[in-house]
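Take a look at the letters that make up each chain.
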Amino acid sequence: MVYVGVDVGATFIRVGLVDDGGNVVDKLKVRQPTSGDENTVAEVIIKAIKDLTRSRSIDGIGIGSIGPLDLRRGIVPLAPNAPIKRFKLVEPIIREFGVTVVLGNDAMAAAWGEYLFGIGRGVNNLVYITFSTGIGAGVIVDGHLLVGKDGNAHEIGHAVINVDSDIKCGCGGYGHWEALGSGANVPKVIRAFIRNRTYRSKLYERLMRNEDVTTEEVFQAYYEGDELARDFIDNFLMKIHAAGIATVMNAYDPELIVLGGSMALNHRELFRRGIEKYLGMYLAVNPARIEFTRFGDDVGIIGAAALVYKIPDSLRRFVDGYISTYLKK
Ligand SMILES: [Zn+2]
């Protein structure tokens, strides 16, 4: 059996063929279209799947997408981080290929992938958290994948971490974990951080000259010993992440938290140390074990394929809906 896993990110769409052992057999990566209508993203995905499978037959397609989602309609109604904000996923794809299509949030898919094939195999209480453009989570409690009414039961990236913050999140809210700590927001947050502070620091001088600074440059400056980067990451950013992770532990009481996403995977030691330093300040329950995903960039593809390899009970009603609405006519 071969499944297609589609990982719809804010910048890239990754498509892979995954076997029933959770191994990626073949894969490709395309850019998110930057303009178009609500069908454009699906058209790009359909072409990528065709390029990848050629004439091979497939047993199902799993999609893990940036959210928030409207699972019943199989669409992304308003993605704060994507160039095209509203797009269809399930309908055009299921009509094109005529196989079972399962849609979930990207982090939800990754959690299911870790549970079936990865580091969380058999761990019935597990949360996957991704740290990249945004911050997202997938949550399994008692072996049950949390979904919610529209598919957004785990949008913990929008947990309020600081009620006094005037930094606006992509979703429109204030003080959200994602607004204060995601990869896309670090350059904005560090500007707010230096208000009323001074540093002997190259990074500080660049910011004061209003130069553009990327998230990776902030981390680079950290490793070079830059005073501002050190203070910001050690004493602010990691505190934000520890508070977010503690919130996840307090809410779901997991045995295991799996961390993924480029920001966490590229800076494991910083995350490990920062979380260890601050977690206890915010924790109400016994802490969970924290590990990093071993799937790297493939976690989204493997997770998406896992959704269709073994359809979670909580997604079944949506999947049945797609089949009866789009295929049986
Ligand atoms: Zn938000």
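Predicted model, so just to flag it, every value in this text is computed and none were measured. (Residues numbered from 1 in each chain as written. Predicted model: local features only at pLDDT ≥ 70, side-chain atom pairs only at ≥ 80, totals over all residues. Heavy atoms only, no water.)

Looking now at the overall build of the protein. Helix and strand counts for the protein stand at 12 helices and 12 strands. Whereas a compact globule of 329 residues would reach a radius of gyration of roughly 20 Å, the protein reaches 20 Å, a difference of no more than 12%. C-alpha atoms of the protein, sized along the principal axes, occupy 65 × 45 × 35 Å. Across the 329 residues of the protein, 56% fall into the buried class. A fraction of 66% describes how many contacts in the protein between residues 6 or more apart in sequence connect residues 24 or more apart. Summed over all atoms, the accessible surface of the protein reaches about 14,200 Å², with 46% contributed by carbon and sulfur. Across the protein, the 38 positively charged side chains and the 39 negatively charged ones have centroids separated by 2 Å. (Helix = DSSP H or I, 4+ residues; strand = E, 2+ residues; numbered from the N terminus. Rg over C-alpha atoms; globule rule 2.2 N^0.38 Å. Buried < 20%, exposed > 50% of the residue type's maximum accessible area, 1.4 Å probe, protein only. Contact = heavy atoms within 4.5 Å. Areas by Shrake-Rupley, 256 points an atom, 1.4 Å probe, with all protein chains shown as cover. Lys, Arg positive; Asp, Glu negative; His and termini not counted. Charge placed at Lys NZ, Arg CZ, Asp CG, Glu CD.)

Let's shift gears to the packing of helix 7 (residues 215-223) against helix 8 (residues 227-252). For the pair helix 7 and helix 8, interaxial distance at closest approach is 8 Å and the crossing angle is 105°. Here helix 8 runs roughly perpendicular to helix 7, going by the angle between their axes. Taking contact as the criterion, the partners of V218, F219, A221, Y222 and Y223 in helix 7 are, on helix 8, A229, R230, F232, I233, D234 and L237. Broken down by class, the residue content of the contact of helix 7 with helix 8 amounts to nine nonpolar, no polar and two charged. (Axes fitted to C-alpha atoms, helices over the stretch in contact; angles between N-to-C directions. Parallel < 35°, antiparallel > 145°, perpendicular 65-115°, else oblique. Nonpolar A, V, L, I, M, F, W, Y, C, P; charged D, E, K, R; others polar.)

Here the focus is the nonpolar core. Nonpolar side chains tend to gather and get buried jointly when the protein is soluble and globular. In this structure, V6, I45, I61, I63, F87, L89 and L315 are the most contacted members of the largest nonpolar core, which totals 67 residues. Split by domain, this core shows at least three residues from each of two domains, domain 1 (2-106 + 297-327) and domain 2 (119-294). Ignoring any residue separated from it by four or fewer positions in sequence, one finds I45 in contact with V6, V8, I13, L89 and I93. By size, the runner-up hydrophobic cluster in this structure holds 51 residues, among which are I156, Y199, L259 and A288. (Core = buried A, V, L, I, M, F, W, Y, C linked by side-chain atoms within 4.5 Å. Domains from an automatic or database assignment.)

When strand 2 (residues 12-19) meets strand 3 (residues 24-31), the two strands line up antiparallel, connected through seven bridges. Across the sheet, residue R14 finds its bridge partner in strand 3, namely K29. Hairpin connection, strand 2 to strand 3: the antiparallel pair is bridged by four residues, and G22 has positive phi, about 80°. (Pairing = 2+ DSSP bridges.)

Counted under the stated rule, the structure contains 10 aromatic pairs. Taking 5.1 Å as the distance between ring centres and 50° as the angle between the ring planes, the aromatic pair formed by F117 and Y309 counts as tilted. Taken together, the positions of F117 in helix 3 (residues 106-117) and Y309 in helix 11 (residues 299-309) put the pair 192 residues apart, joining distant regions of the chain. The buried category is assigned to F117, whose relative accessible area is 9%. Ring-pair connections join several aromatic residues into one group, and the members of that group are Y3, F117 and Y309. Of note, R230 hangs over the ring of Y222, and the distance from its end group to the ring centre comes to 4.3 Å. (Phe/Tyr/Trp six-rings, centres within 6.5 Å; stacked < 30°, edge-to-face > 60°. Lys NZ or Arg CZ within 6 Å of the ring centre and 35° of its normal.)

Structurally, the position occupied by T133 is in the loop between strand 8 (126-131) and strand 9 (135-141). In this structure the C-alpha to C-alpha distance between T133 and A184, which are 51 residues apart in sequence, comes to 4.7 Å.

Looking at the zinc ion, the protein donor atoms are H158 (ND1), C169 (SG), C171 (SG) and H176 (ND1), and they sit 1.9 to 2.3 Å from it. Every donor counted, the four donor atoms about the zinc ion form angles of 98 to 119° at the centre, which fits tetrahedral coordination. Read in sequence order, the donor residues coordinating the zinc ion give the pattern H-x10-C-x1-C-x4-H. With H158 in the loop between strand 10 (144-145) and helix 4 (177-181) and H176 in the loop between strand 10 and helix 4, this residue pair connects regions lying 18 residues apart in the sequence. In this pair, the class of H158 matches that of H176, namely buried. (Donors = N, O, S within 2.8 Å, 3.2 Å for Na, K, Ca; no water. Tetrahedral: all angles 85-135°; square planar, octahedral: opposite > 155°, others 65-115°.)

Here the focus is the domain arrangement of the protein. By the assigned domains, the protein splits into domain 1 (2-106 + 297-327) and domain 2 (119-294). For domain 1 versus domain 2, the distance between C-alpha centres works out to 26 Å. Contacts between the two partners involve 17 residues from domain 1 and, on the opposite side, 18 residues from domain 2. Carbon and sulfur atoms make up 56% of the area that domain 1 and domain 2 hide from each other, which totals about 1,200 Å². The interface formed by domain 1 and domain 2 contains four residue pairs in polar contact (both at pLDDT 80 or more). Secondary-structure elements contributing two or more residues to the side of domain 1 that touches domain 2 are helix 11 and helix 12 (313-327). Take the side of domain 1 that touches domain 2: its biggest share by element is four residues, from helix 12. By residue class, the composition of the side of domain 1 that touches domain 2 is 10 nonpolar, five polar and two charged. (Buried area = accessible area lost by both parts, 1.4 Å probe. Polar contact = N/O pair within 3.5 Å; in protein donor to acceptor, adjacent residues only side chain to side chain.)

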